[in-house]
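Single-letter residue listing:
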Amino acid sequence: MLANSSEHLKEERAVAEETAPGSTAPVLTVDNVTLQYKTREHLVTATYRVSFDVFGADRFVLLGPSGCGKSTLLKGIAGFMRPVEGEIRLDDHVVRRPGPDRMMVFQEFDQLLPWKTVLDNVIFPMRVSGKWGRSESRERALAAIAKVNLSKFCDLHPHMLSGGMKQRVAIARAMAMEPKVLLMDEPFAALDALTRRKMQEELLELWHDVRFTMLFVTHSIEEAIIVGSRILVLSPHPGQVRAELNAHQFGHSQQGGSEFQELHRTIHEMLFSERVEETPMKGEV
Amino acid sequence: MENAATTIADPPVRPEFIKEHKQVGDIGDVERPLSTWERFTSHTAVRRAFIIIVLAVAWELYARWVENPLMLPSFSTVFSALWEEIVVGPLIDRTITTIQVLLIGYSAGLALSTVLTTLAVSTRFGNDLLSTLTAMFNPLPAIALLPLALLWFGLGIPSLVFVIVHSVVWAVSLNTHTGFMSVSETQRMAGQNYGLRGIRYVVLLLIPAAFASILAGMKIGWAFAWRTLIAAELVFGVSSRSGGLGWYIFENRNQLLTANVFAGLLMVIIIGLLVESVIFRTIEARTVRKWGMQR
């Protein structure tokens, strides 16, 4: 049993080395992090002592039902919140404030700046960060927009785009910055089912092209298995790590397969068992 | 279940069909050019000009019926007086004087409210300061401060500028601050995510994001400033040789040149209309409308 698990670990490490050459140390380390936020009446503990490591070129998914603190966790990593306990480290530097090395794609469509065209929206953060010059930012922006197939729409303002197109601009904007880790907070949740599926496929294609490191938050088990290479399952109230699973072998084409279904069922049971415990409490109140 | 079955019967099972896509021919003329009349009336300027013409005609008819040029000169008399005062009279000079004072006061007011609102969004003390000051001074009519201003700054431009600044700064600050507060959380986070902080955050993110409210505040501020200035000038002329528009109106009333009084008032209206419909409308079209923040 022991031998088996260590062998498994070795195999995993080998896979990690293969996918991300030279990156045996994690890019992002979340170490025993407890996050709390205040509402008008309560102090809410969103996550309790959550730990995980994200390696280079990971498609790391935070999965859980609403209330498991996955979005709060992402905000903590982005630097919008300070952990009450524990540490978040990016390349061995402790995260203290928001910064362009952790570009974020939000769920809401209004994340693009309405007073800038698509092109300027992608250029803007590059200019603000001061990492690239004027003409270089422009070229990089054009390339990033071309990658998400929006070259024709460069000069439009965001209010003229559909929801899916806005999310693609947001992804292009984030990718052009070459962040150490790309944070995605349910980026496709507000899209219709057909567009969502298309966006998932495009995101995977983009990942195969560029091999960026991303942290993806979702509440859809299916999306987690398709998009993710590794899934962190969180249980709610407060958010705690339930499991960490591999899903790198699954894509859209395996969706009907028995292994896919098996993983789907495993995760579903993990989340469902929590919900059963929760129901009588609600009934009492 | 049984209840539902007794009240509403199952829908009938209907045959299925699939249609081929057909050429629609003549009716498929999806776009049709608008008629000349439709295009003509779709211009806001045309419709508004029509309203002005109707008002002018009504005025002319009523004045001719009353036949009392001292109390109510007809539109044509006023119009020719206006023309004459512009071409040979002092009206243009007076207007320029007024506008100069107005611009000084207005820009000083805008600058002050920029400082106040920037302070208000960056510190809690600034926020409290702005809220308290606006609550105290916004209801206070600027013209009520004129006696005090005269005492402090004497007769002349500084007093006028003082009351204009007072009338502009609270209206603009209030609107700008409300605008800043209502910038969406996502946009704020996006800005911080880029690494924007401090003054750059205000200038590059908050101001454009709140621009619709800021513009509304600027419009209100402009109207307040304009009104305050004309009223203040009615009380006293500018000390040096040439007074402003308000003084012009006051002078002509004293000499019972009613047509000139009306000409002065018309000038006030014309400038107000121009600023509103040319300057502010252009800014609107190039910013908030283009950005889809306002329809």
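About the criteria used
- Residues numbered from 1 in each chain as written.
- Chains lettered and ligands numbered in written order.
- Predicted model: local features only at pLDDT ≥ 70, side-chain atom pairs only at ≥ 80, totals over all residues.
- Heavy atoms only, no water.
- Helix = DSSP H or I, 4+ residues; strand = E, 2+ residues; numbered from the N terminus.
- Contact = heavy atoms within 4.5 Å.
- Axes fitted to C-alpha atoms, helices over the stretch in contact; angles between N-to-C directions.
- Parallel < 35°, antiparallel > 145°, perpendicular 65-115°, else oblique.
- Nonpolar A, V, L, I, M, F, W, Y, C, P; charged D, E, K, R; others polar.
- Buried area = accessible area lost by both parts, 1.4 Å probe.
- Salt bridge = Lys/Arg side-chain N within 4 Å of Asp/Glu carboxyl O.
- Polar contact = N/O pair within 3.5 Å; in protein donor to acceptor, adjacent residues only side chain to side chain.
- Buried < 20%, exposed > 50% of the residue type's maximum accessible area, 1.4 Å probe, protein only.
- Expected span 1.5 Å × (residues − 1).
- Arc of directions from axis to C-beta.

Caption draft 1: Structural view of the environment of Gly99(A). You can see Gly99(A) is positioned in the loop between β5 (93-94) and β6 (104-105). C-alpha separation for the pair Gly99(A) and Gln240(A), spaced 141 residues apart in sequence, amounts to 26 Å. If sequence neighbours within four positions are ignored, Gly99(A) has contacts with Ala78(A), Gln192(B) and Asn193(B).

Caption draft 2: Local environment of the packing of helix α5 (residues 91-122) of chain B against helix α12 (residues 245-254) of chain B. Residues and elements named next belong to chain B. Orientation of α5 relative to α12, taken along the N-to-C sense of each, is 135°, at an axis distance of 7 Å. Between α5 and α12, the angle is such that the two are oblique. Of the residues in α12, those touching α5 at Leu-91, Arg-94, Thr-95 and Thr-98 are Leu-245, Trp-247, Tyr-248 and Glu-251. Of the residues contributing to the contact of α5 with α12, the split by class is four nonpolar, two polar and two charged.

Caption draft 3: Region of interest: the interface of chain A and chain B. Facing 23 residues of chain A, the contacting portion of chain B comprises 21 residues. Taking both partners together, chain A and chain B bury about 2100 Å²; carbon and sulfur atoms supply 65% of that area. Put simply, chain A and chain B have zero salt bridges between them. Where chain A meets chain B, there are 10 residue pairs in polar contact (both at pLDDT 80 or more). It is helix α3 (residues 118-129) of chain A that contributes the most residues to the side of chain A that touches chain B, three residues altogether.

Caption draft 4: Inspection of the pattern of salt bridges at higher detail. Residue and element names in this part refer to chain A. With the rule as written, the count across this model stands at 15 salt bridges over all chains. Residue Glu-186 is joined to Lys-70 by a salt bridge in which the shortest nitrogen-to-oxygen separation is 3.9 Å. On the criterion of sequence distance, the pair formed by Glu-186 in the loop between β7 (182-185) and α6 (193-210) and Lys-70 in helix α2 (residues 70-78) is long-range, its members being 116 residues apart. Overall, Glu-186 belongs to the buried group, its relative accessible area being 9%. Its relative accessible area of 5% is what places Lys-70 among the buried residues. The salt bridge partner of Arg-168 is Glu-202, with a shortest N-O separation of 3.6 Å. Here the residue Arg-168 occupies a position in helix α5 (residues 163-176), and Glu-202 occupies one in helix α6, the gap between them amounting to 34 residues. Under the relative-accessibility criterion, Glu-202 is labelled buried at 16%.

Caption draft 5: Structural detail: helix α4 (residues 75-87) of chain B. Residues and elements named next belong to chain B. The end-to-end C-alpha distance of α4 is 18 Å, a good match for the 18 Å that 13 residues give at a rise of 1.5 Å each. For α4, the full list of buried residues reads Val-78, Ala-81, Leu-82 and Glu-85. Buried residues of α4 fall within an arc of 105° about the axis and therefore sit on the same side. Of the exposed residues in α4, those oriented more than 90 degrees away from the buried face are Trp-83 and Val-87.

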